[in-house]
Amino acid sequence: MTKEEFRVLTAVEMGMKNHEIVPVQLIESIAGLRGGGAHKLLSGLLRNKLVHHDNKKYDGYTLTYAGYDYLALKSFTKRDTISGIAQQIGVGKESDIYLAQDDNERQLALKLHRLGRISFRAIRQKRDYLRHRQSASWLYLSRLAALKEYAFMKALHENGFPVPTPVDVNRHAVLMTLVDGCPMYQVREFRHADRIYKTCMDIICRLAQYGLIHGDFNEYNLLVSEDEQVTLIDFPQMVSTSHPNAKMYFDRDVEGVCKFFRKFGYSSDYVGRFDDIVKQHDLDVSLAASGFTKQHQAALEKLVREQATSDSADQKAEGEDDGDDPSKDNGSGRGGGGGGGDDDGEIVEAPDIADLALSGSESESGSESDDREEGAEGVSGRPAEHSGEGSEDNA
């Protein structure tokens, strides 16, 4: 990517703080280009699916997840926390995991949050990109989810919980150490099922003693090594023990462990009980120091609820319109998932992140580049009339 292309891509991100679709004139102004030079550069970014073009109301562009990937990766490389990307090693409902490494050839795991991917696949066509409402875009939600995961992982790691070591976070991307193990759901036989069961139950109860509930504690979010050491992953859904539904989440985590081990013919009288938990620590201070505040948590929960309600209404309305079952849409689970849409509104698969250039020409040099890049980090996706809200979220 050339210096000018990077400036234009960054300008689109900065413009998205106050615009659903960023006008070309504003992109040129932010990027500091003259004489209509942005059009050719935007065409190149569009071909690579780093931006989406929308000319229904006016001529404008918005970032795709692939474009957001590129900006996050450039930040990591400038910080020297990552030097290369290899193959994809995991795919979740709303995230992609890639193998990465740093300058010391230490293997890392790069997690890219992709909130909204399920909604992309559930609806065949959309009238506009990402169905923006009076709320944040999926890019902003993904950024909040990544910030939350990194903050929780950092706090848990510092307090001795078996989690990956957090390395860095930028936009919707979280970088962590690679854990030597496989997902627990892939295990066919345990040598010491009793010991692993007790470890899992201990983690659930100890989390509650620290004022936290995982909320999705199951075989899909637990890794087991060859020597049967357990590592806990995936934290965006964690809630406080003061949450109104804390007991329900706690009991669900406990039952998930019990149900899984019953498949192996193992059961135990040792079952965590929410009412027996005595809170001994409070991680609020650690989490705030990591960057994820109570205001971020409230915003994330509110925006997820709004977006889920909006998309549910959309699916129902479109199902009535065309008679199709949206759940039968067969979106691909690989690649960039949730990438750019073409001009008729269909979601187009983004290029594989491993194909994005990490070692291309430097975007810019000097402090101006750093300020431009870091200042654009907080995509809010808010419409212009809401530009003043939540400004503290924008890094």
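Right above here is the structure, for reference.
Section: the pairing of strand S3 (residues 60-63)
Successive residues of a regular strand alternate their side chains across the two faces of the sheet.
Step number 1: Residues Gly60 and Thr62 line one face of S3 and the alternating positions Tyr61 and Leu63 line the opposite face, and both faces are buried.
Step number 2: Alignment of strand S1 (residues 22-23) against S3, held across 2 bridges, turns out to be antiparallel. Bridge pairing in S3 links Val22 to Tyr61.
Step number 3: Looking at chain direction, strand S2 (residues 51-54) and S3 are connected through 4 bridges and run antiparallel. In the sheet register, Asp54 faces S3, and the bridge partner there is Gly60.
Step number 4: Hairpin connection of S2 to S3: 5 residues between the antiparallel strands.

Regarding the packing of aromatic side chains
Step number 1: Enumeration over the complete set of coordinates arrives at 10 aromatic pairs.
Step number 2: Measuring from ring centre to ring centre gives 6.2 Å for Phe190 and Phe260, while their planes differ by 75°; the resulting arrangement is edge-to-face. Pair noted here: Phe190 is in the loop between strand S9 (182-183) and helix H7 (193-209) and Phe260 is in helix H8 (residues 246-262), with a separation of 70 residues, a long-range link. Each of the two residues, Phe190 as well as Phe260, counts as buried.
Step number 3: Chaining the aromatic ring pairs together yields one cluster made of Phe190, Tyr197, Phe260, Phe261, Phe264 and Tyr266.
Step number 4: Sitting above the plane of the Phe152 ring, Lys148 keeps its charged end 5.4 Å from the centroid.

Focus: unusual backbone geometry
Step number 1: A positive phi angle, close to 65°, is found at Asp80, a residue other than glycine.
Step number 2: Residue classification places Asp80 among the exposed residues on the basis of a relative accessible area of 53%.
Step number 3: Even without being a glycine, Glu105 presents a positive backbone phi close to 65°.
Step number 4: You can see Glu105 is positioned in the loop between strand S5 (95-101) and strand S6 (107-113).
Step number 5: A residue is classified by how much of its surface remains accessible, and Glu105, at 62% relative accessible area, is exposed.

Notes on the sheet that holds strand S7 (residues 166-170)
Step number 1: Spatially, S4-S5-S6-S8-S7 is the arrangement adopted by the 5 strands of the open sheet, whose pairing is antiparallel. Here the strands that pair on one side only, and so sit at the sheet edges, are strand S4 (84-91) and S7. Put simply, the sheet's adjacent strands are angled 25° from each other on average, direction ignored.
Step number 2: With 7 bridges connecting them, S5 and S6 associate as antiparallel partners. When the sheet's bridge partners are listed, Ser95 is paired in S6 with His113.
Step number 3: Contacting S4, S6, S7 and strand S8 (173-177), helix H4 (residues 65-78) runs over the sheet at an angle of about 130° to S7.
Step number 4: With respect to the sheet, helix H6 (residues 138-158) is in contact with S6, S7 and S8, its orientation differing from that of S7 by roughly 160°.

Remarks on the sheet that holds strand S11 (residues 222-224)
Step number 1: The strand order across the open sheet built from 3 strands is S9-S11-S12, with neighbouring strands paired in antiparallel fashion. For this open sheet the edge positions go to S9 and strand S12 (230-232), each flanked by a neighbour on one side alone.
Step number 2: Across 2 bridges, S9 lies against S11 in antiparallel orientation. Paired with Cys182 across the two strands is Val224, which belongs to S11.
Step number 3: Contacts between H7 and the sheet are confined to S11 and S12, with S12 contributing the most and set at about 30° to the helix.

What counts as what
- Residues numbered from 1 in each chain as written.
- Predicted model: local features only at pLDDT ≥ 70, side-chain atom pairs only at ≥ 80, totals over all residues.
- Heavy atoms only, no water.
- Buried < 20%, exposed > 50% of the residue type's maximum accessible area, 1.4 Å probe, protein only.
- Helix = DSSP H or I, 4+ residues; strand = E, 2+ residues; numbered from the N terminus.
- Pairing = 2+ DSSP bridges.
- Phe/Tyr/Trp six-rings, centres within 6.5 Å; stacked < 30°, edge-to-face > 60°.
- Lys NZ or Arg CZ within 6 Å of the ring centre and 35° of its normal.
- Axes fitted to C-alpha atoms, helices over the stretch in contact; angles between N-to-C directions.
- Contact = heavy atoms within 4.5 Å.

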